[in-house]
Amino acid sequence: MQGWVTLALLLSLGVKRSLGQNGVGGLPVPRGLTLNPDLPAQTLSLTWQSDSSLLDLEIFHTELMNVVLNETVAVKADPVTGLHSWTWHSPLPLECTSHSVRIRARNQQSVSQWSPLQTIPGSDIPERSESYMFPQDKVVPVGSNMTFCCIVKEKEDFKEIVYKRQELSATRLSRRTYAITVTNQPASGNTGTNVICSSPTTTLTGAVVFVGYPPGDEGLVCETRDLASAECSWKKRRDTHLRMKIMLTKYTLNGRDCLEANERKTWGCSSKVWEESWILVARNPLGTVQLTDSAQLADRVHLLAPVNVTAVEVKAWSATLQWSWSVAAYKKLEMVCQLQLFAHELSSTRNYSGPGLSSVELEGLWPDVDYTVTLRCGSKHSFWKWGDESAPYRIHTKMDRPDALDVWIWMDSRNTGRVFWKPLSVRKSHGALVGYEVSQSSAEEDGWTPVFLPPGNFSYPIILNNSSDITVAVAARNPAGLSQPSTVTTPAYRADSQLSVPELLGINGSFVLSWQPSANASSGYAVEWVLTGCSGLCPVDWKKVPKSDSSFRVNSDSLVAGVRYTISVYSLSTGAPTLLQRWQGYSQEMIPSQSVSDLSANQTGSDVLLSWKATAMEHQRGFIRGYTVYLANAAHLDLVANISDPEVQLYRVKGLSLSSYKFVVKSYTSAGEDAGSTVAIKVEMDTADMLFVGILVPLGIMFCCLILISVCCYKKREWVKKAFYPEIPGPKVPGDWSSPQGTLDVKPSPHSLVHIEQSPRWDFTKEGLFPVPEEEEESENDNVEVDTDSDEPALLRYYNQVVSDGSHSNHVSDSSGSSTASVGSTQTEITYAGIQSPTSSQGACGGGGYRPQMQSVAGPAEPQIEFEDDFQDDALNTGYKSQCSWQMDSPEAENFSGSLGSPTSVTSSQFLIPESSEEKPQPSNTWFHNFLSGKS
């Protein structure tokens, strides 16, 4: 049993040894792996021997064993050497760190063991302790990606890597190596792009990279200048951005170095002989460009510039020009030459041809003009291009007599006018003018009367005789002589008021005119335009039109917008011009520059009449088409009327209420309205209306008040009757009053005059009777005649008499006559009818008793006051009480014994009709208070 175990162990050990020599699947391990680095190209070449063509490759950064490449490749063996080779391009410079490589064979079923690691050392090995940066001074194209590495010095710390002053994120590759990758690099400057590596304390190292373009030259062209050699040139389309000398583009033409191009003197290269075909090669570190060209010599002739250009003979209207050639071979060459003339703002080009051309005759020049001449020539047959241009040459022609003037006469009245002429241009004056000669002639005078004017004048006034027209001749003079005179005859004056002048509207700032042709226009037509309304020295412009034309356009460059012009068309003949048609118009209408003037507002009843004056013509700036009337409110204008007739300059605004108004009147043209004139008015009541209202309103108010008072009085009639017309209480006495009535004859007393109060209201604060002194009574009766028509209150005489019981008084005495005479005056005599003294009164007065008059004084004209027996007002009548409690205070009282104690005695100390003791008046309870409180 132990023997079998021992045999199994030996077999397993043999298998393991076989597998170790032949691989896992029996494939042999590749042999002889070698590494060949190309540091500038950043490539690593591998060579090995193996029976298999399919291999697995692994490349590491040795120090950290980071896998850089793990790839399976198929590589065939070289039939001669039997070696396999493969090249790897490293994105990182190989100097940055050490790289290790291993390989193994592979087939479809199995793989071999890995070959031993092969390593190429980098610059970060301990033996090299300094700081390094890779790559150094590398040239790459624009837009490429690139990796830079920094190897820091031993015992130094890494801080950053900066590319074009920008810090980039770094990746650690080994203990001392750090790397950054820059993508899409832009073109470098003149000295390249700097990459700097630094530690926290100092800059460790750096590198420069040059980013540019390969050559971009194109368009190789070769030509001959002397009919023998060749000169080739091309175009440099793009800058390579490589400025270092070793990086500059190098050029070769047909295998020969182009010294001119390499030294940057010119982008060309020359050859002493014509080779008919050329190859140009341009090369720099980033690439190579090859250009080709081919041609026959006669097809590429580019002549040099003429030399020694001179003017042999110069006249007023022509000159002869000569020159020479620097190449003798040109004298037999058929060529064409181009001559350019410049004078002021004018230029012209003329072509001449001939074999070996060296002189030309210049015709059609203008007198007294400075010309500048340039010349260039080319091969006539198989023309390639114009040769070089000669240096400018100056020619000044001689003077000649001026051209005839353009003359016109403008009449501003029947007898006055002004002759105008247009200034001559430099081409027409033929020399500096020294003045003008103006001559005029008429039928009444023989010959011409000349006047010399300085050159600054362009018009001259003329005065017409009443008998005939005047012919005016104007000529210009310069040092070479006098021009041909231009004549014109004064036309007949026609004012605008004598013609029917239609309106003319401009089109795009111009006037387009047309008229009926005239058979008398043997010399054509003249179109004249002048400012309308202008007088004196006015700017007049005109244009003469051939007789074959019957239309004309006045251009906008001679017109001013917003200005009215008068345009006239005349027919021209040997005599005076004849007016055919006239217009007035604006080349371009604008809004008026000023508003209407003298705007006023006048009130007529409830209407307001607005009137104004039109804007002056110089401020209209267009045809006035009408007026608009606005009512100005706080924030806007309300249109009241649009008056489309410009002749109407007033407007009536009707039916306005009493208020203040502000009106704005604007004139308008086809371009719009002006700013407007404003007038304010306050509409008040008319004088007649105010008088009418002033009369009717008070009358109406008074009528209403009367109606109101009447209604109130009617409703309060009982109260009014008691307040204003109280009933007078009648005396009531007991007893029998059936005795016959008699007249109480009382002797008039001077103190018996009673003043009657007209007021119906009873005043309890005043006494009802007023004594009148005897002296005044006698004086008044004797000297003053009583006026019966007077409005004064009448005086009442009251007579009474004390009689015994049952006695009767018969007035037959003189006193009765006196009483009768008194009653005949304005005074009133009061009699009491049928009144007897009551018994109680007799007892109270001590026996005498009072006996009033039983009947009134006879006579129909005397008024009587009768007290009816049916007087029922108990509140005012408590019985009749006579005056009996008086005493005589003087001996004079004896003379009035017949009247003392009488009810009419003014010396009584009591009222005739005493107040009732039961009803006392209240001072605060007036009639007005009762009226307001509604009491009746």
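Residues numbered from 1 in each chain as written. Predicted model: local features only at pLDDT ≥ 70, side-chain atom pairs only at ≥ 80, totals over all residues. Heavy atoms only, no water.

A. Quick look at unusual backbone geometry. Pro-135 follows Phe-134 through a cis peptide bond whose omega is -5°. Note on placement: Pro-135 falls in the loop between strand 8 (132-134) and strand 9 (138-141). Despite not being glycine, Glu-276 shows a phi value in the positive range, around 70°. Mapping Glu-276 onto the fold places it in the loop between strand 21 (268-271) and strand 22 (277-284). Residue classification places Glu-276 among the partly exposed residues on the basis of a relative accessible area of 37%. Phi at Ser-382 is positive, roughly 50°, even though this residue is not glycine. Structurally, Ser-382 is set in the loop between strand 29 (370-379) and strand 30 (393-396). (Helix = DSSP H or I, 4+ residues; strand = E, 2+ residues; numbered from the N terminus. Buried < 20%, exposed > 50% of the residue type's maximum accessible area, 1.4 Å probe, protein only.)

B. Molecular detail of helix 6 (residues 717-724). Burial in helix 6 covers these residues: Trp-719, Val-720 and Ala-723. Each buried residue of helix 6 lies within a common arc of 100° when the element is viewed along its axis, so the set occupies one face. (Arc of directions from axis to C-beta.)

C. Local environment of the sheet that holds strand 16 (residues 203-212). A sheet is described by the order of its strands in space; here five strands give the open sequence 9-16-15-11-12, paired in mixed fashion. Pairing within the sheet leaves two strands with one partner each, and these edge strands are strand 9 and strand 12 (166-168). When the angles between neighbouring strand axes are averaged without regard to direction, this sheet yields 30°. Where strand 11 (residues 160-163) lies against strand 12, three bridges are found, and the strand directions are antiparallel. (Pairing = 2+ DSSP bridges. Axes fitted to C-alpha atoms, helices over the stretch in contact; angles between N-to-C directions.)

D. Broad picture of the state of the cysteines. In this structure the tally under the stated criterion is six disulfides. In this model, Cys-222 is linked to Cys-232 through a disulfide, with the two sulfur atoms separated by 1.8 Å. Between Cys-222 and Cys-232 the disulfide shows an S-S torsion of about 105°. By sign, it is right-handed. Taken as a pair, Cys-222 in strand 17 (residues 217-223) and Cys-232 in strand 18 (residues 230-236) lie far apart in primary sequence, 10 residues in all. Of the two residues, Cys-222 and Cys-232, neither departs from the other in class, the shared state being buried. Disulfide pairing places Cys-337 opposite Cys-377 at an S-S distance of 1.9 Å. Between Cys-337 and Cys-377 the sulfur-sulfur dihedral comes to about 105°; the bridge is accordingly right-handed. A residue pair is termed long-range when its members are at least 10 positions apart, and Cys-337 in strand 26 (residues 334-343) and Cys-377 in strand 29 qualify at 40 residues. Grouping residues by exposure puts Cys-337 and Cys-377 together as buried. The connectivity of the disulfides in the chain is 1-2, 3-4, 5-6, 7-8, 9-10, 11-12, where the numbers refer to bonded cysteines in sequence order. The thiol of Cys-713 is not disulfide-bonded; the next cysteine sulfur, from Cys-712, is found 6.9 Å away. (Disulfide = S-S within 2.5 Å.)

E. Region of the structure containing the pairing of strand 16. Burial analysis of strand 16 places eight of its 10 residues in the buried class, the great majority of the element. Sheet topology note: the strand 9/strand 16 ladder contains four bridges and is parallel. Looking at the pairing, Val-140 lines up with Val-211 of strand 16. The pairing of strand 15 (residues 193-198) with strand 16 spans six bridges and is classified as antiparallel. Bridge pairing in strand 16 links Asn-194 to Val-208. The turn joining strand 15 and strand 16, which pair antiparallel and follow one another in sequence, is formed by four residues.

F. Looking closely at a nonpolar patch on the surface. A surface patch of nonpolar side chains, amounting to about 1,100 Å² of accessible area, comprises Leu-658, Met-685, Leu-691, Phe-692, Val-693, Ile-695, Leu-696, Val-697, Leu-699, Ile-701, Met-702 and Leu-706. With respect to the helices, strands and loops of the structure, Leu-699 is situated in helix 5 (residues 687-715). Judged by its relative accessible area of 45%, Leu-699 falls in the partly exposed class. (Patch = residues over 30% accessible without salt bridge, like charges linked within 9 Å, V, L, I, M, F, W, Y side chains within 5 Å. Areas by Shrake-Rupley, 256 points an atom, 1.4 Å probe, with all protein chains shown as cover. Salt bridge = Lys/Arg side-chain N within 4 Å of Asp/Glu carboxyl O.)

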